[in-house]
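Take a look at the letters that make up each chain.
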Amino acid sequence: MSKCEQCIVREFSSLKALNKEELLKIADCKTSYTIKKGEPLFEEGETVNGIYCIKEGICKLSKLSTNGKDQIVKLVKAGELLGQRSMVSDEPANLSAIALEDMEVCFIPKNDVLGFFDKNNKFSLNMMKSICGDLKEADEHMVSMAQKTVKDRLAETLLYLHTTFGINDDNTLKIQLSREELASLIGTATESCIRLLSEFNKLGLIALIGKKILLKDIPKLKKMAE
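Just so it is clear, the model here is predicted, and its values are computed rather than measured. (Residues numbered from 1 in each chain as written. Predicted model: local features only at pLDDT ≥ 70, side-chain atom pairs only at ≥ 80, totals over all residues. Heavy atoms only, no water.)

Chemist: How should the overall build of the protein be read in this particular structure?
Modeler: A count of helices and strands for the protein gives 10 helices and 10 strands. The C-alpha radius of gyration computed for the protein amounts to 19 Å, which stays within 12% of the reference 17 Å derived for 226 residues, consistent with globular compactness. Here the C-alpha coordinates of the protein stretch approximately 55 × 40 × 30 Å along the principal axes. Residues classed as buried in the protein amount to 43% of the 226 residues present. Counting only contacts in the protein whose residues sit at least 6 apart along the sequence, the fraction spanning at least 24 positions is 68%. (Helix = DSSP H or I, 4+ residues; strand = E, 2+ residues; numbered from the N terminus. Rg over C-alpha atoms; globule rule 2.2 N^0.38 Å. Buried < 20%, exposed > 50% of the residue type's maximum accessible area, 1.4 Å probe, protein only. Contact = heavy atoms within 4.5 Å.)

Here you go:
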């Protein structure tokens with residue numbers, strides 16, 4: 001069996017619609033490499049001539065605002081694809097993708113991916129569904145930003161990090177974002193985020209262990225996030 005057939009990305013993404021022969025084609029044309037923590041996979045405005053398969057690691061998708069601040073739009077984990085929308089719309093990337101930890105990625109050139117669109121309807125449909133899912137997420141994020149308080153958004157984000165990325169052996173959140181990154185994710189100033197974390201800590205909702213965060217009262221956090 002080829003490595004592409006056994007890969008985690010295939011199980012969770014549009015690639016699951018590809019047959020053995022098509023997966024072997026991907027294995028031939030893909031490039032695999034390591035992205036070090038803090039390095040970009042691609043940057044805003046760059047032409048992404050293909051898709052990235054995230055085999056290991058996590059990256060942040062962010063946009064640089066007019067005042068030079070980094071606004072995190074989404075976090076992407078192993079098993080996901082990046083660059084689909086840019087490839088289909090034939091437009092430069094509207095976000096930057098920066099590694100939050102060391103990553104293992106594979107890059108599949110655009111021409112090879114588009115070749116599957118003509119021959120495999122299920123693959124095309126899966127990719128369209130994936131792009132629609134991203135748009136739905138973006139809508140929900142926009143509504144949350146507009147209608148929820150910063151406190152509610154922090155509770156919602158902490159729960160999202162817990163559910164999506166899991167916990168360490170000591171029950172702290174596995175994904176360790178800086179206070180600045182966490183603030184960017186909930187759309188507030190770093191100082192406000194630090195103040196709210198301290199408040200959550202005093203209320204017994206979370207525990208702060210150095211830079212790590214432990215969720216102590218998940219039911220109460222869920223109530224706040226609703």
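Chemist: Please clarify how the packing of helix α5 (residues 110-119) against helix α6 (residues 121-147) should be interpreted in this entry.
Modeler: When two helices pack together, their arrangement is given by the angle between the helix axes and the distance between those axes. The N-to-C vectors of α5 and α6 enclose an angle of 115°; their axes lie 6 Å apart at closest approach. Taken together, the residues of α6 that come into contact with α5 (itself represented by Val113, Phe116, Phe117 and Lys119) are Asn121, Phe123, Ser124, Met127 and Met128. (Axes fitted to C-alpha atoms, helices over the stretch in contact; angles between N-to-C directions.)

Chemist: Is there a simple way to explain helix α3 (residues 20-29) in this structure?
Modeler: The periodicity of an α-helix, 3.6 residues per turn, causes residues three or four places apart in sequence to face the same way. Residues Glu22, Leu23, Ile26 and Cys29 constitute the buried set of α3. Taken end-on, α3 shows its buried residues confined to a sector of 125°, consistent with a single buried face. Facing away from the buried side of α3, by more than 90 degrees, are the exposed residues Lys20, Glu21 and Asp28. The elements touched by buried residues of α3 are α1 (3-6), α2 (8-12), β1 (31-35), β8 (103-109) and α5. One side-chain oxygen at the N-terminal end of α3 lies 3.1 Å from the backbone nitrogen of Glu21; it belongs to Asn19. (Arc of directions from axis to C-beta. Polar contact = N/O pair within 3.5 Å; in protein donor to acceptor, adjacent residues only side chain to side chain.)

Chemist: Whenever I open this one, the pairing of strand β7 (residues 96-99) confuses me. Can you help?
Modeler: Looking along a regular strand, one sees the side chains alternate between the two faces of the sheet. Side chains Ser96 and Ile98 of β7 all project onto a buried face; the interleaved residues Ala97 and Ala99 project onto the opposite face, where all are buried too. The pairing of strand β2 (residues 40-42) with β7 spans two bridges and is classified as antiparallel. Among the inter-strand pairings, Phe42 is bridged to a residue of β7, identified as Ala97. Two elements, strand β4 (residues 59-64) and β7, share four bridges in a ladder whose sense is antiparallel. (Pairing = 2+ DSSP bridges.)

Chemist: How should the UniProt feature "domain: HTH crp-type" (unreviewed entry) in the protein be read in this particular structure?
Modeler: Per the UniProt entry, the sites bearing "domain: HTH crp-type" (unreviewed entry) are residues 148-219 in this numbering. A helix fraction of 54% and a strand fraction of 11% characterise residues 148-219, whose end C-alpha atoms lie 18 Å from each other. (UniProt positions renumbered as here; feature names shortened; annotations may be inferred.)

Chemist: I tried to follow the sheet that holds β4 on my own but got confused; where do I start?
Modeler: In a beta sheet, neighbouring strands are held together by backbone hydrogen bonds and run either parallel or antiparallel to one another. Overall, antiparallel pairing links the four strands, which are arranged β2-β7-β4-β5 in an open sheet. Whereas interior strands pair on both sides, the edge strands pair on one side only; in this sheet they are β2 and β5 (70-76). In this sheet, neighbouring strand axes are inclined to one another by 35° on average, regardless of whether the strands run parallel or antiparallel.

Chemist: I tried to follow the nonpolar core on my own but got confused; where do I start?
Modeler: Soluble globular proteins tend to bury their nonpolar side chains together. Counting 27 residues, the largest nonpolar core has Leu75, Leu158, Leu182 and Ile206 as the members making the most contacts within it. Elements with a contribution of two residues or more to this core: β5, α7 (150-165), α8 (179-186), α9 (190-202), β10 (212-215) and α10 (218-225). When residues in this core are grouped by element, the largest group, six residues, is from α7. Residue-level mapping places this core at the junction of two domains, with at least three residues from each of domain 1 (4-121) and domain 2 (147-225). Look past the residues within four positions of Leu158 in its chain and what remains in contact with it is Leu173, Leu182, Phe200, Ile206, Ile213 and Leu215. Counting 21 residues, the second-largest nonpolar core is a separate cluster that includes Cys4, Val9, Leu15 and Ile131. (Core = buried A, V, L, I, M, F, W, Y, C linked by side-chain atoms within 4.5 Å. Domains from an automatic or database assignment.)

Chemist: Teacher, can you tell me more about the packing of aromatic side chains here?
Modeler: In this description, an aromatic ring pair is defined by two values, namely the gap between the centres and the angle between the planes. Counting across every chain of the model gives five aromatic pairs. Consider the rings of Phe42 and Tyr52, whose centres lie 5.6 Å apart with planes at 35°: the pair is tilted. Here Tyr52 lies in strand β3 (residues 50-56) and Phe42 lies in strand β2, a separation of 10 residues in the sequence. On the basis of an interplanar angle of 85° and a centroid distance of 5.5 Å, the ring pair of Phe117 and Phe123 is categorised as edge-to-face. (Phe/Tyr/Trp six-rings, centres within 6.5 Å; stacked < 30°, edge-to-face > 60°.)

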